[in-house]
Amino acid sequence: MPQVNHYDVIIIGTGAGGGTLAYALAPSGKRILLIERGDYVPREKDNWSPRAVNVEAKYNTKEVWRDKDGRPLHPHTNYYVGGNTKFYGAALFRLRKEDFGEIKHYGGTAPAWPITYDELEPYYTRAEQLYQVHGQRGEDSTEPHASAPYPCAPVSHEPRIQHLSDDFARLGLQPFHTPLGVMLDEKSRHHSRCIRCDTCDGFPCLVSAKADAQVCCVDPALQQQNVTLLTNAHVSRLETSSSGREVTAVRVERDGRQEVYSADIVVVSCGAINSAALLLRSANDKHPQGLANSSGVVGRHYMGHINSVLMAISKCPNPTVFQKSLAVNDFYFGSEEWEYPMGHISFVGKLDAETLKAGAPAIAPGFTLELMARHSLDFWLTSEDLPEPNNRVTLDHEGNIVLSYTPNNKAGHKRLIEKLKGVMQQQTTCAVHGHECHVGLFARNLFVGQRIPLAGVAHQNGTIRFGIDSTISALDVNCKAHDVDNLYVVDASFFPSSGAVNPALTIMANALRVGDHLLERLGR
């Protein structure tokens with residue numbers, strides 16, 4: 001029989017949710033086991049290679065999922081210590097205060113959360129401090145109130161981005177500095193861990209200067225003797241007592257062996273897709289639809305945002321190195337001529353020709369991909385998709401993940417694209433080319449040869465929603481399963497709606513909130 005090892009808390013996953021929670025619980029002295037499916041990202045030159053990262057997908061999982069028709073999907077996701085934060089762009093936004101209430105969209109209604117913004121606000125502040133967020137309060141017209149300033153000064157704009165920011169302001173918009181989790185000290189660059197390079201967004205940081213969950217949370221937590229990390233360990237299923245009311249065993253596959261662990265409290269933090277899959281794989285006689293799924297909602301209401309990457313091509317080059325410093329939320333909740341939400345405008349990391357080849361856009365007249373890369377401003381547009389029950393995670397008869405997703409609420413996103421087109425056409429006259437400098441706006445394909453949008457996995461959320469009513473939610477307000485007394489889910493699965501900004505900071509803040517609850521439960 002495999003040996004059973006008992007802990008006070010087991011956390012499955014080390015990303016924005018699990019890693020942050022481990023950091024919050026580490027000072028308690030309780031025995032904590034972190035289980036990570038992957039290993040540490042190897043430190044090597046390929047960390048900063050566009051070909052290795054974006055074309056060869058060197059660090060992506062080789063796992064194959066299925067779409068609703070049974071066709072193979074190669075997900076753009078990563079299994080490493082720190083989870084997907086190792087590869088994220090580190091844009092750390094709070095949801096807007098209004099996002100916590102019911103919001104009417106053109107395509108339907110985003111439901112209210114069972115907690116308010118004010119309840120989460122102190123934890124947003126703590127998360128911003130923990131992840132060293134650079135920003136400036138008061139610039140963003142939709143920004144909710146905050147109990148403290150950002151811990152670090154905003155990342156400055158390079159000249160081309162500053163020029164664009166000035167143009168936006170001249171047109172009556174309120175551009176602002178994107179809140180970023182990077183360890184950059186612009187006043188003392190020779191002491192700065194961050195070197196402000198062009199391989200941040202989508203790349204692992206070779207110099208550990210990105211504020212990711214491994215660097216900010218997991219590594220510090222492991223300095224406590226009561227915290228243990230198990231890597232290359234895949235949790236195959238959770239088992240319960242005969243009553244079905246508590247998880248009694250965590251089954252792990254590691255190095256070709258089967259291992260069993262147990263804990264007073266078990267926390268699932270595998271990401272919205274894999275957390276749902278784990279609960280579904282853990283079905284038993286007491287939980288025939290999947291663990292903690294008496295409501296039938298586990299795996300349902302999958303959301304991942306509606307995203308576009310748009311390249312604004314100018315005749316003048318864009319020599320910007322670090323591009324992600326500017327954002328616009330003026331159309332987040334609508335406009336004078338459109339009463340429904342549209343979404344958020346910001347930037348991706350500077351695109352290069354190698355990356356463009358993987359998801360080539362339409363070619364601007366007279367431009368090669370190399371020229372486009374040198375002359376582009378690379379926008380990232382995000383709009384809210386709505387929780388639809390049939391957008392869901394299931395398992396096929398072999399236990400493979402099946403992701404069924406049909407985008408919805410697309411009208412606002414189309415309006416957002418038109419808004420961006422309009423303001424780009426009104427840029428200040430170029431001293432060299434006049435108004436002819438702006439060539440046009442071109443979409444970069446997000447599918448990159450796949451049938452699943454890359455961003456649909458990057459912003460995954462909503463598959464194990466929390467709520468007060470156990471008939472329509474799987475988790476209570478503390479993210480504990482309604483059906484299982486010692487099971488929690490702490491990642492983006494708990495979202496009832498997706499908002500239109502990156503989910504990472506909300507995951508981190510919620511992990512700190514649940515951490516306080518667990519410390520009280522554990523009798524700190």
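The structure we're discussing is the one just above.
Residues numbered from 1 in each chain as written. Predicted model: local features only at pLDDT ≥ 70, side-chain atom pairs only at ≥ 80, totals over all residues. Heavy atoms only, no water.

Account for the overall build of the protein chain, naming residues and giving values.
Along the protein chain, the regular secondary structure elements total 11 helices and 21 strands. On C-alpha atoms alone, the protein chain measures out to a radius of gyration of 22 Å, which is about the 24 Å that the 2.2 N^0.38 rule sets for 524 residues. A burial count over the protein chain gives 60% of its 524 residues as buried. Across the protein chain, the fraction of contacts at a sequence separation of at least 24, relative to all contacts at a separation of at least 6, is 73%. Counting only carbon and sulfur atoms, one obtains 49% of the accessible surface of the protein chain, whose full area is about 20100 Å². In the protein chain, which carries 51 positive and 57 negative side-chain charges, the distance between the mean positions of the two groups comes to 3 Å. (Helix = DSSP H or I, 4+ residues; strand = E, 2+ residues; numbered from the N terminus. Rg over C-alpha atoms; globule rule 2.2 N^0.38 Å. Buried < 20%, exposed > 50% of the residue type's maximum accessible area, 1.4 Å probe, protein only. Contact = heavy atoms within 4.5 Å. Areas by Shrake-Rupley, 256 points an atom, 1.4 Å probe, with all protein chains shown as cover. Lys, Arg positive; Asp, Glu negative; His and termini not counted. Charge placed at Lys NZ, Arg CZ, Asp CG, Glu CD.)

Give a description of the side chain of Ser269 that names residues and reports values.
Position of Ser269 among the secondary structure elements: in the loop between strand 13 (257-268) and helix 6 (272-281). One polar contact links the side chain of Ser269 to the main-chain carbonyl oxygen of Val490, over a distance of 2.8 Å. With residues near it in sequence (within four places) discarded, Ser269 still touches Ile11, Ile12, Gly13, Gly17, Gly18, Ser275, Val490 and Asp491. (Polar contact = N/O pair within 3.5 Å; in protein donor to acceptor, adjacent residues only side chain to side chain.)

Let's hear about the nonpolar core: which residues, and what values?
Membership of the largest hydrophobic core comes to 114 residues, with the highest contact counts inside it found for Tyr131, Leu238 and Leu487. Examining the composition of this core, we find that 11 residues originate from one element, helix 11 (residues 504-522), more than from any other. Those residues in contact with Leu238, other than ones at most four positions away along the chain, are Ile12, Val247, Ala249, Val250, Val266, Val268, Leu278, Leu279, Ser282, Leu291 and Leu487. (Core = buried A, V, L, I, M, F, W, Y, C linked by side-chain atoms within 4.5 Å.)

Go over the packing of aromatic side chains, please, and point to the residues and values.
According to the stated counting rule, one finds 18 aromatic pairs in the structure shown. Pairing Tyr59 with Tyr80 gives two aromatic rings, centres 6.4 Å apart and planes at 65°, and the pair type is edge-to-face. You can see Tyr59 sitting in the loop between helix 2 (50-55) and strand 3 (65-66) and its partner Tyr80 sitting in the loop between strand 4 (72-73) and strand 5 (103-105), a full 21 residues away along the chain. On the basis of an interplanar angle of 90° and a centroid distance of 4.8 Å, the ring pair of Phe466 and Phe494 is categorised as edge-to-face. Residue Phe466 is found in the loop between helix 10 (454-458) and strand 21 (487-489), and its partner Phe494 is found in the loop between strand 21 and helix 11; the two are separated by 28 residues along the sequence. (Phe/Tyr/Trp six-rings, centres within 6.5 Å; stacked < 30°, edge-to-face > 60°.)

Just give me the short version of the environment of Thr231, but keep the residues and values in it.
Among the secondary structure elements, Thr231 is positioned in the loop between strand 10 (227-230) and strand 11 (233-240). Ignoring sequence-local partners within four residues, the contact set of Thr231 consists of Glu36, Gly38, Asp39, Val81 and Arg254.

Go over the sheet that holds strand 17 (residues 376-383) with me, naming the residues and quoting the values.
The strand order across the open sheet built from 4 strands is 16-17-14-20, with neighbouring strands paired in antiparallel fashion. Looking at strand neighbours, the two that pair on one side only are strand 16 (344-347) and strand 20 (438-444), the edges of this open sheet. Neighbour to neighbour, the strand axes of the sheet diverge by 30° on average, direction disregarded. Bridge count for strand 14 (residues 306-314) against strand 17 is 8 bridges, and the pairing is antiparallel. Each bridged residue has a counterpart across the sheet, and for Val309 the counterpart in strand 17 is Trp380. The strands that helix 4 (residues 159-170) touches are strand 14, strand 16 and strand 17; relative to strand 17, the one it contacts most, it runs at about 55°. (Pairing = 2+ DSSP bridges. Axes fitted to C-alpha atoms, helices over the stretch in contact; angles between N-to-C directions.)

How would you sum up the packing of helix 3 (residues 117-130) against helix 11? Please name residues and give values.
Contact pair helix 3 / helix 11: the axes reach a minimum separation of 8 Å and the direction vectors enclose 110°. With respect to their mutual orientation, helix 3 and helix 11 come out roughly perpendicular. Note on packing geometry: the crossing formed by helix 3 with helix 11 is right-handed. Taken together, the residues of helix 11 that come into contact with helix 3 (itself represented by Leu120, Tyr123, Tyr124, Arg126, Ala127, Glu128 and Leu130) are Leu505, Thr506, Met508, Ala509, Asn510, Leu512, Arg513 and Asp516. Residues belonging to the contact of helix 3 with helix 11 are distributed by class as follows: 9 nonpolar, 2 polar and 4 charged. (Parallel < 35°, antiparallel > 145°, perpendicular 65-115°, else oblique. Left-handed = near helix turned anticlockwise from the far one by under 90°. Nonpolar A, V, L, I, M, F, W, Y, C, P; charged D, E, K, R; others polar.)

Any details on the packing of helix 1 (residues 18-25) against helix 11? Residues and values, ideally.
Each pair of packed helices can be summarised by the angle the axes make with each other and by the distance between the axes. Where helix 1 meets helix 11, the axes come as close as 8 Å, and the angle between the chain directions of the two elements is 40°. Our classification of the angle between helix 1 and helix 11 gives oblique. In terms of crossing hand, the pair formed by helix 1 and helix 11 is right-handed. Residue-level inspection shows Thr20, Leu21, Ala24 and Leu25 of helix 1 in contact with helix 11, the latter providing Met508, Ala511, Leu512, Val514, Gly515, Leu518 and Leu519. Looking at the contact of helix 1 with helix 11 residue by residue, the classes come out as 9 nonpolar, 2 polar and no charged.

Could you give me a rundown of the pairing of strand 18 (residues 392-395), with the residues and numbers involved?
In this sheet, strand 19 (residues 401-404) lies alongside strand 18 in antiparallel orientation, the contact comprising 4 bridges. What sits directly across from Leu395, in strand 19, is Ile401.

Now, about the environment of Arg257: what can you tell me, with residues and values included?
Counting through the fold element by element, Arg257 comes out in strand 13. Distance in space between the C-alpha atoms of Arg257 and Ala233 is 9.8 Å, their sequence separation being 24 residues.

Give a detailed account of the environment of Lys58, specifying residues and quantitative values.
If you trace the backbone, Lys58 turns up in the loop between helix 2 and strand 3. For the pair Lys58 and Asp46, spaced 12 residues apart in the sequence, the C-alpha separation amounts to 8.5 Å. Apart from residues no more than four positions distant in its own chain, Lys58 is found in contact with Glu44, Asp46, Ala52 and Val53. Polar side-chain contacts of Lys58 include one of 2.8 Å to the side chain of Asp46.

Pulling in residues and values, what's your account of the state of the cysteines?
Applying the stated criterion across every chain yields a total of 0 disulfides. Here Cys194 is not cross-linked by a disulfide; its sulfur's nearest cysteine counterpart is in Cys200, at 6.5 Å. Left unpaired, Cys216 is separated from the closest cysteine sulfur, that of Cys217, by 5.9 Å. (Disulfide = S-S within 2.5 Å.)

How would you explain the side chain of Asp491 if you had to name every residue and give the values?
Residue position: Asp491 is located in the loop between strand 21 and helix 11. Buried within the structure, Asp491 lacks any salt-bridge partner; its nearest side chain of opposite charge belongs to Arg37, at an N-O separation of 12 Å. Here Gly271 takes part through its backbone nitrogen, which lies 2.9 Å from a polar atom of the side chain of Asp491. Leave out the neighbours within four places in its chain, and Asp491 touches Val268, Ser269, Cys270, Gly271, Ala272, Ser275 and Ile507. (Salt bridge = Lys/Arg side-chain N within 4 Å of Asp/Glu carboxyl O.)

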